[in-house]
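# Architecture and fold: a report
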Amino acid sequence: MHKKKLVVVRNIKDLKKLNNYDFDGKSVIVGTEDIATFNIASQDKRFEKVIFLEKGDSYFEVANDVIKFVDVINEWLEKNLARKFSLNPDLLAWIKHAEGGYTTQRVQDLFLLIRSYNWIFSEFNIAELLYVESPQHDWEEEIMIACANSKNIPVSSVKSQYVLALYHKAKIFCAMFGRDYFFLANLLWIKLKNTFKFSSDLIETVDVFLSLSSWKEKAILPVVNLVDKLQKHGLKTVTLCWEAFGGAKALRKKGYFAEELENWVSLRCIIDSIVYLFKLEKTLLLKKKEFFSISEFCFEGVKCNNFIWKSLHHSILSDFPQRYRLENAYDNYWKNHTPRVFHHRTAIFSDARLANKSFEKSGKKPLTFLIPWYLYMEAPYEHFAVPLNMIFVASQKSRELYLKKGFSTEMLFDVGCYLFEGFESFQKEFSRTASRNILKLNEKPKLTILIDLNIPLRGYISSREIYGLFLWACNLAEKKKELEIIFKPHPGCPDDVIKMINSQQTSKNVLILPKNLLSYHLFNVVDIIITKYSLLGVEGLKFGCNVFSFIPSGDERFRIFGDASEYFSNFEGMELLIERLLTDESFAKAWFFKKDIDRKKFLSEYFSQIDVPSTELIAQIIKAKLEKLK
C-alpha cells in the first residue's frame with residue numbers, strides 16, 4: 001500500500017499556513033477535529049483525503065483502564081501529599097466520574113486519543129507526520145507525537161509564532177491560577193455583602209437542608225417546587241448554596257430561605273488554603289522523579305506519566321483550595337446548626353464526601369437523601385461515596401437498578417420523575433399552534449424534525465458524528481421540501497460552527513434556533529427528535545414526540561430509550577423511514593400509532609405515572625420519616 005503523509009491542522013488559520021507549502025508530490029491526508037476546518041479542507045484538491053482525528057470510540061472501551069489509573073493516582077496522592085500535611089484525602093482525590101475537568105476526564109481523553117492516533121497511523125498507512133503547531137492544542141500534539149514515536153514515524157512541524165505560543169502558555173498559567181482566584185474573589189464578595197444581612201439563625205428550627213450549586217433557572221426550579229411542598233407540610237427548609245453565583249439571591253427574591261456557604265468560610269481558612277496550595281506544589285515538584293518512575297502508567301505502548309503529571313498540577317491548583325474552603329464552611333456551619341434532613345446534590349462528587357465527613361466530626365446524624373435525575377445508561381465510573389437513608393427513584397425499573405447496586409429496598413422510594421413537573425400545565429397553556437407562533441415558524445409542514453446539534457465530548461459524541469448528521473439533514477431538507485428541519489444547538493456549541501451552518505444551508509425549510517433557547521415550545525411542535533442519548537430525547541418523549549437515536553458505532557449501551565426510539569447506525573436506514581413516513585399515509589398512521597404505544601410503555605417503565613407531583617411525595621415521605629424519629 002502507498003505510504004501517506006498525515007498533515008494535522010487545528011483550525012482555519014492553521015490550514016491557511018499550508019497554502020504555499022510544498023508536499024513534494026506526496027499523497028497527503030489532512031486530519032483535523034474542527035468541523036469548520038474540515039468543511040473547508042474537504043474542498044481543497046491538493047489533499048487526497050480529509051479525516052477527523054478522533055475515531056469516536058465510546059468511553060465504555062477505556063473505562064476499566066481509566067479506573068485502574070485513577071486508583072493508582074489517588075493512592076499516590078494520599079501517600080505523598082495528604083498524609084504529609086495531615087489533610088483529608090478527599091481534598092485531593094480524583095473522583096470516579098468523567099464529565100469534564102482535568103482529572104478522570106483527562107485520563108479518559110488521553111486513552112481515547114492514543115487509540116485514535118494509533119488507529120489513524122495503521123488504517124491510513126501513515127509514513128510521515130507533519131503538524132501545524134497550535135499552542136492551545138499542545139497537550140493533544142504531545143500525545144500524537146508520543147504515539148508516532150512509538151511506531152517510529154518521523155515527525156516535523158510548521159512552527160507557530162513565538163508570541164502566540166508565549167501568549168498561550170501565559171493563558172494556561174493564568175487559567176490554572178485564575179480559576180481559584182475567581183472563586184476566592186466571589187467568596188470574599190459574599191462575605192463582605194452578607195456581613196450585616198440575615199442568616200438562617202433567624203429561623204428557630206431548620207428541618208431540611210437542600211443543596212444548590214447553580215444559578216440557572218432549570219436548576220433552581222426543582223428546588224423551588226420541593227421547598228414549596230416541604231413547607232406546606234410544616235418543614236422549615238433552607239437551601240445551602242456553594243459556587244451558585246447568584247442562586248441564593250434568586251431564591252431569596254422568590255421568598256425562600258437560602259444561604260451561601262461561602263459566608264461560613266473563616267478568614268484563617270482562606271489564608272491556609274493558599275499556604276497549603278504552595279506547600280503541595282513544592283512537594284509535588286520534589287516528588288516528580290518518583291512519580292515518573294511509576295510503571296503502571298502505560299497504555300497501548302505509550303508511557304503516560306508526563307500527561308498525568310500535568311493533570312496533577314491542574315487538579316491541585318483548580319480543585320484543592322475550593323475543596324479545603326468548603327470543608328471549613330461545612331465544619332463551621334454544622335457547629336451552629338443541627339440538620340434533621342440533608343439533601344446530597346450528588347453522591348459521587350467530592351462535596352458529598354466533605355459534607356458527610358463534617359457530619360461525622362460534629363457528631364450530627366441527619367437523614368440524608370438523593371434524587372437521581374440522570375439517564376439510565378450504564379455508568380462504569382459511578383461510585384457512591386457517601387451513606388444514604390433515602391433515594392427517591394423515578395420508577396420500579398429504577399428501583400431494580402439500585403437494588404442491583406446493593407441498596408436495600410427500605411431506602412428506595414418510587415416517586416416518579418420530578419423533572420417532568422410542569423410539563424402537563426405547559427401543554428394545557430400552549431397549543432401546538434401557539435408554540436409555532438412563538439417560535440415564528442411557518443405553516444405546519446408534513447413532518448417537523450428537530451436535530452440535536454450537540455458539542456463534541458470524547459467518549460460520548462464525536463465531531464465526525466455531529467458533522468455527518470448536519471450534512472445529511474441539510475441534504476435531506478433540499479430533497480424533501482415538505483419537511484421542516486430545526487437545528488437546536490447545544491448551549492456550548494462553538495459560534496464558528498453555528499456560523500458555518502448558517503452559511504452552508506440555504507433551504508427555506510431549515511431553521512437554526514438560538515443555542516440558549518429553552519426546549520418546551522420545541523417539544524410542542526416537532527414530530528421527530530434526532531439525537532444520540534440526550535435528556536432532550538427523554539423530555540421530548542414525555543411531550544409526545546418521537547425519537548430517532550443515531551448511534552454510528554451501533555453500541556447498544558447507548559440505547560437508553562428502550563423501544564420508544566428507532567435506532568440507526570447509518571443515514572440510509574433513517575432516510576428510508578422518513579421517506580416512507582412522508583409518502584405512505586397508511587404506513588405513517590400505523591407507525592405513529594405503534595410508537596405512541598411504545599413511548600407510553602417506556603415512560604411507564606422508567607418514570608412511574610403517579611397522579612401526585614413527585615415533590616409532594618418526597619415531602620410526605622420525609623415528613624413521615626421525621627415523625628417516626630420523634
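In this text, all values refer to a predicted model and were calculated from it rather than measured experimentally.

Counted at 1.5 Å a residue, the expected span for helix α7 (residues 217-232) with its 16 residues is 22 Å, and the 22 Å between its end C-alpha atoms agrees. Every buried residue belonging to α7 is among Ile220, Pro222, Val223, Val224, Asn225, Leu226, Val227, Lys229 and Leu230, and all of these are buried. Lining the buried residues of α7 we find β6 (208-212), β7 (237-241), α8 (247-253), β12 (367-370) and α22 (614-629). The first or second residue beyond α7 is Gly234, which carries a positive phi of 80°.

This part is about the packing of helix α3 (residues 63-82) against helix α4 (residues 104-123). Where α3 meets α4, the closest approach of the two axes is 10 Å, and the angle between their N-to-C directions is 135°. Accordingly, the angle class assigned to the pair α3 and α4 is oblique. The interaxial crossing formed by α3 with α4 has right-handed handedness. Counting all contacts with α3, which are made through Asp65, Val66, Phe69, Val70 and Ile73, the residues of α4 involved are Thr104, Val107, Gln108 and Phe111.

Right, let's talk about the sheet that holds strand β15 (residues 447-453) for a bit. Taken together, the six strands give an open sheet; going across it, the order is β17-β16-β15-β18-β19-β20, and neighbouring strands pair in parallel fashion. A single partner strand is all that each edge strand has here, and the edge strands are β17 (510-512) and β20 (565-568). Adjacent strand axes in the sheet meet at a mean angle of 20°, parallel and antiparallel pairs treated alike. Strand direction decides the pairing type here: strand β16 (residues 483-489) and β17, joined by three bridges, are parallel. Counted as the bridge partner of Ile486 is Leu511 from β17. On the sheet, helix α20 (residues 571-583) packs against β15, β16, β18 (528-531), β19 (546-550) and β20 and is oriented at approximately 160° with respect to β19. Here helix α21 (residues 585-606) sits on the sheet in contact with β15, β19 and β20, set at roughly 85° to β19.

Moving on, we get to α3. Turning to α3, its buried residues number three or more, namely Ala63, Val66, Ile67, Phe69, Val70, Ile73, Asn74, Trp76, Leu77, Asn80, Leu81 and Ala82. Check the buried side of α3 and you find it contacts α4, α9 (267-286), α10 (288-292), β9 (298-299) and α11 (305-336).

Here the focus is the side chain of Gln322. Mapped onto the secondary structure, Gln322 falls in helix α11. On the basis of relative accessibility, which here comes to 5%, the residue Gln322 falls in the buried class. Residues in contact with Gln322, not counting those within four places in the same chain, are Asp180, Phe183, Leu187, Trp242 and Glu243.

Our focus in this paragraph is the state of the cysteines. Going through the model one piece at a time under the given rule, you end up with zero disulfides. Left without a disulfide partner, Cys147 is nearest to the cysteine sulfur of Cys304, which lies 8.4 Å away. Cysteine Cys241 is unpaired, with the sulfur of Cys269 as its nearest cysteine sulfur at 19 Å.

It is worth spelling out the sheet that holds strand β5 (residues 155-158) at this point. Strand pairing in a sheet relies on backbone hydrogen bonds, with the paired strands running either antiparallel or parallel. Pairing within the open sheet is parallel, and its five strands lie in the order β3-β2-β1-β4-β5. Edge positions in the sheet fall to β3 (49-52) and β5, since each of these pairs with one other strand and no more. Taking the axes of each pair of neighbouring strands and ignoring which way they run, one obtains an average angle of 25° across the sheet. Pairing between strand β1 (residues 4-8) and strand β4 (residues 126-132): five bridges, direction parallel. Among the inter-strand pairings, Lys4 is bridged to a residue of β4, identified as Ile126. Packing against the sheet, α4 makes contact with β1, β3 and β4, and its axis sits at approximately 130° to β4.

Turning our attention to the side chain of Arg599. Secondary-structure assignment places Arg599 in helix α21. What makes Arg599 buried here is its relative accessible area of 10%. In terms of polar contacts, Arg599 uses its side chain to reach the side chain of Asp596, at 2.5 Å. Once you skip the residues sitting within four places of it in the chain, Arg599 turns out to touch Leu541, Lys542, Gly544, Cys545 and Ala564.

Turning to the packing of α11 against helix α12 (residues 350-362), a few remarks are in order. Their axes nearest at 9 Å, the elements α11 and α12 cross at an angle of 35°. Considering how the two elements wind past one another, α11 and α12 form a crossing that is right-handed. Contacts from Arg323, Leu326, Glu327, Tyr330, Asp331 and Trp334 in α11 reach Ser350, Asp351, Leu354, Ala355, Ser358, Phe359, Lys361 and Ser362 in α12. Split by residue class, the contact of α11 with α12 holds six nonpolar, three polar and five charged.

To describe a pair of aromatic rings, one takes the distance between the centres and the angle between the planes. Evaluated as defined, the whole model comprises 52 aromatic pairs. Aromatic side chains Phe548 and Trp591 sit 6.1 Å apart centroid to centroid with 85° between the ring planes, which places their arrangement in the edge-to-face category. Of this pair, Phe548 sits in strand β19 while Trp591 sits in helix α21; the two residues are 43 residues apart in sequence, bridging distant segments of the chain. In terms of burial, Phe548 and Trp591 fall into one category: buried. By way of ring pairs, the aromatic residues Phe69, Trp76, Phe111, Phe291, Phe292, Phe297, Phe299 and Trp309 are connected into one cluster. Just above the ring of Phe85 sits the side chain of Lys84; from NZ or CZ to the centre is 5.6 Å.

Definitions and cut-offs
- Residues numbered from 1 in each chain as written.
- Predicted model: local features only at pLDDT ≥ 70, side-chain atom pairs only at ≥ 80, totals over all residues.
- Heavy atoms only, no water.
- Helix = DSSP H or I, 4+ residues; strand = E, 2+ residues; numbered from the N terminus.
- Expected span 1.5 Å × (residues − 1).
- Buried < 20%, exposed > 50% of the residue type's maximum accessible area, 1.4 Å probe, protein only.
- Contact = heavy atoms within 4.5 Å.
- Axes fitted to C-alpha atoms, helices over the stretch in contact; angles between N-to-C directions.
- Parallel < 35°, antiparallel > 145°, perpendicular 65-115°, else oblique.
- Left-handed = near helix turned anticlockwise from the far one by under 90°.
- Pairing = 2+ DSSP bridges.
- Disulfide = S-S within 2.5 Å.
- Polar contact = N/O pair within 3.5 Å; in protein donor to acceptor, adjacent residues only side chain to side chain.
- Nonpolar A, V, L, I, M, F, W, Y, C, P; charged D, E, K, R; others polar.
- Phe/Tyr/Trp six-rings, centres within 6.5 Å; stacked < 30°, edge-to-face > 60°.
- Lys NZ or Arg CZ within 6 Å of the ring centre and 35° of its normal.

Read these as layout, nothing more, since geometry by itself doesn't imply function.
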